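Fold and contact review
Each chain, letter by letter, is given below.
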Amino acid sequence: MSPVLSPDLAHVETWLFDLDNTLYPAECEYMALIEGKMTDFMERATGLPREEARAIQKKYYHEHGTTLAGLMANHGIAPKAFLDEVHDVSMDRLIPDPVLRAAIDALPGRRLIFTNGSLGHAERVLGHLGLDHLFEDVFAIETADYLPKPAMATFEKIVSRHALTSPVTAFFEDSEKNLAPAAVLGMTTVLVGAHAAASTADFVHHRTHDLAGFLTSARLKDLNA
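Only a predicted model underlies this, so the values are computations on that prediction, with no experimental measurement involved.

Considering the arrangement of structural elements, one finds His162 in the loop between helix H7 (152–161) and strand S5 (169–173). Apart from residues lying up to four places away in sequence, His162 is in contact with Arg110, Leu112, Glu136 and Asp137.

Written out as structure tokens, the structure reads:
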């Protein structure tokens, strides 16, 4: 693993970023609002008491990659209605980070969002954080035909869609399991979040609790060289 304070990313030309709990800290608990709305939806879809519905929600997430994928497979839920409902939450917990904004803006090459969230959700969050102008495109769950990360087919689809060259691509994620396919494809993987340091997975190449600091301190390609 490269030193945390000076990661060598001088080979990277394309930067893939997960959205939720990656471009903002999980500690703000913004996702807790969305997960609560998911539990509301699960209660109605299953007719079960809240705690039982919540348990199934977690089961679907672990088995299918997202709660939505489990609902589609087991209940025939229309994805748009689910996505629109669960992402309709207050954004008060999301605080724009000018240091992170500057660090992403300084990255040489292409920048893309790769999220299991919806396109509308991604646009809303990026706009609120003041990051929307920094990314070339958003590869969202609709783009993936609702097959979420970590499905290899979804990784292959983003590679094909954007003509990515894996050895010069870095992928930043808060979910360890979602980094495994990226590593198989030859991408550089970065686990983000307070839990990152505890990871021992060999497919995780870098770990950081401070994305802005990590990017600011990294060795980057000099496009003028």
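Bringing the packing of aromatic side chains into the picture now. Summed over all chains, the structure comprises 10 aromatic pairs. Between the aromatic rings of Phe17 and Phe172, the centroid separation amounts to 4.6 Å while the plane-to-plane angle is 15°, which identifies the pairing as stacked. Taken together, the residues Phe17 in strand S2 (residues 14–17) and Phe172 in strand S5 connect sequence positions 155 residues apart. An identical accessibility class is assigned to Phe17 and Phe172; each is buried. Measuring from ring centre to ring centre gives 5.0 Å for Phe114 and Phe155, while their planes differ by 80°; the resulting arrangement is edge-to-face. Within this pair, whereas Phe114 is found in strand S3 (residues 110–114), its partner Phe155 is found in helix H7, the two being separated by 41 residues in sequence. The same class applies to Phe114 as to Phe155, namely buried. Aromatic rings pair up to connect Trp15, Phe17, Phe135, Phe172 and Phe214 into one cluster. Taking the ring centre of Phe114 as reference, the NZ or CZ of Lys149 above it sits at 5.0 Å.

Here the focus is the nonpolar core. One finds Phe17, Leu23, Phe172 and Leu215 to be the most contacted residues of the largest nonpolar core, which totals 49 residues. For this core, the leading source of residues is helix H1 (residues 30–46), giving 6 residues. Formed by 17 residues, the second largest nonpolar core is a distinct cluster that contains Phe139, Phe155, Val159 and Phe171.

Further remarks concern helix H4 (residues 79–86). All of the buried residues along H4 are Pro79, Phe82, Leu83 and Val86. Along H4, the residues classed as buried sweep out an arc of 95° about the axis, all on the same side. Along its buried surface, H4 packs onto H1 and helix H3 (67–75).

Between Lys149 and the following residue, Pro150, the backbone shows a cis peptide bond with an omega angle of 10°. Along the chain, Pro150 turns up in the loop between strand S4 (137–139) and H7. Notably, Asn21 is not glycine yet its phi reads approximately 65°, a positive angle. Considering the arrangement of structural elements, one finds Asn21 in the loop between S2 and H1. A relative accessible area of 19% means that Asn21 is categorised as buried. For Asp145, which is not glycine, the phi torsion reads 55° and is therefore positive. Turning to its location among the elements, Asp145 is positioned in the loop between S4 and H7.

With 5 of 5 residues buried, S5 is to be regarded as a mostly interior element. Taking every second residue as pointing to the same face, both faces of S5 are buried, with Thr169, Phe171 and Glu173 on one and Ala170 and Phe172 on the other. Relative to S5, S2 is paired through 4 bridges, and the arrangement is parallel. Paired with Leu16 across the two strands is Phe171, which belongs to S5. Where S5 meets strand S6 (residues 188–192), 4 bridges bridge the pair, whose relative direction is parallel.

Moving on to the packing of H1 against helix H2 (residues 50–64). Two elements in contact, H1 and H2, have axes separated by 8 Å at closest approach and are oriented at 110°. It follows from the interaxial angle that H1 and H2 lie roughly perpendicular. Judged by residue contacts, Glu35, Gly36, Met38, Thr39, Asp40, Met42, Glu43 and Thr46 of H1 engage Arg50, Ala53, Arg54, Ile56, Gln57 and Tyr60 from H2. Classifying every residue of the contact of H1 with H2 by side-chain character gives 5 nonpolar, 4 polar and 5 charged.

What counts, and where the lines are drawn
- Residues numbered from 1 in each chain as written.
- Predicted model: local features only at pLDDT ≥ 70, side-chain atom pairs only at ≥ 80, totals over all residues.
- Heavy atoms only, no water.
- Helix = DSSP H or I, 4+ residues; strand = E, 2+ residues; numbered from the N terminus.
- Contact = heavy atoms within 4.5 Å.
- Phe/Tyr/Trp six-rings, centres within 6.5 Å; stacked < 30°, edge-to-face > 60°.
- Buried < 20%, exposed > 50% of the residue type's maximum accessible area, 1.4 Å probe, protein only.
- Lys NZ or Arg CZ within 6 Å of the ring centre and 35° of its normal.
- Core = buried A, V, L, I, M, F, W, Y, C linked by side-chain atoms within 4.5 Å.
- Arc of directions from axis to C-beta.
- Pairing = 2+ DSSP bridges.
- Axes fitted to C-alpha atoms, helices over the stretch in contact; angles between N-to-C directions.
- Parallel < 35°, antiparallel > 145°, perpendicular 65-115°, else oblique.
- Nonpolar A, V, L, I, M, F, W, Y, C, P; charged D, E, K, R; others polar.

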